[in-house]
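Letter by letter, the chains look like this.
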Amino acid sequence: MGFRTANDSEDTIFKYAMVIWDRDDKKHLGGKNIQEYLEELQKEDPVEFMPQDFVMAGRVALLLRGLALALKYHVSAADAWAPLAQRLLDEYGDEEDDEAAFSLEG
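Let me sum up the structure you'll find in this document. (Residues numbered from 1 in each chain as written. Predicted model: local features only at pLDDT ≥ 70, side-chain atom pairs only at ≥ 80, totals over all residues. Heavy atoms only, no water.)

### Some remarks on the packing of helix α1 (residues 10-22) against helix α2 (residues 34-44)
Phase 1: Two numbers describe how α1 lies on α2: the axes approach to 11 Å, and their chain directions differ by 160°. Between α1 and α2, the crossing angle belongs to the class labelled roughly antiparallel. In this structure, α1 crosses over α2, and the sense of that crossing is left-handed. Between α1 and α2, the contacting residues are T12, K15, Y16, M18 and V19 on the first element and I34, Y37, L38, L41, Q42 and E44 on the second. (Axes fitted to C-alpha atoms, helices over the stretch in contact; angles between N-to-C directions. Helix = DSSP H or I, 4+ residues; strand = E, 2+ residues; numbered from the N terminus. Parallel < 35°, antiparallel > 145°, perpendicular 65-115°, else oblique. Left-handed = near helix turned anticlockwise from the far one by under 90°. Contact = heavy atoms within 4.5 Å.)

Here's what the structure looks like:
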């Protein structure tokens, strides 16, 4: 999908995905705040490339999750978006072609 780190460590990529798309509570961040956790991941295995679509969607997910937490509501973007992601994978497979066109409508 285009996300690359220096070592392409599956464990580190999973940790990035978890904190951006799923949850950022102290239990999953090892007691650190999100900034400390991301800085530690960056030292461990630096991100070399992240597609712009990931950056913007990740920022939205983090901001909405932060707003929800301020209201004492725990939410996971990964859980919320899972049905749509599964539908797209079912329809288009796991094409590696960055130019593959698809619609989220429908």
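Back to the text.
### Some words on the packing of aromatic side chains
Phase 1: Considering all chains together, one arrives at 3 aromatic pairs under this definition.
Phase 2: A connected cluster of aromatic rings, assembled from ring pairs, spans W21, F54 and W81. (Phe/Tyr/Trp six-rings, centres within 6.5 Å; stacked < 30°, edge-to-face > 60°.)

### Observations regarding unusual backbone geometry
Phase 1: Non-glycine residue D8 carries a positive phi angle of around 50°.
Phase 2: You can see D8 is positioned in the loop between β1 (4-5) and α1.
Phase 3: We note that K72 has phi near 65°; this positive angle belongs to a residue other than glycine.
Phase 4: Along the chain, K72 turns up in the loop between α3 (52-70) and α4 (77-92).

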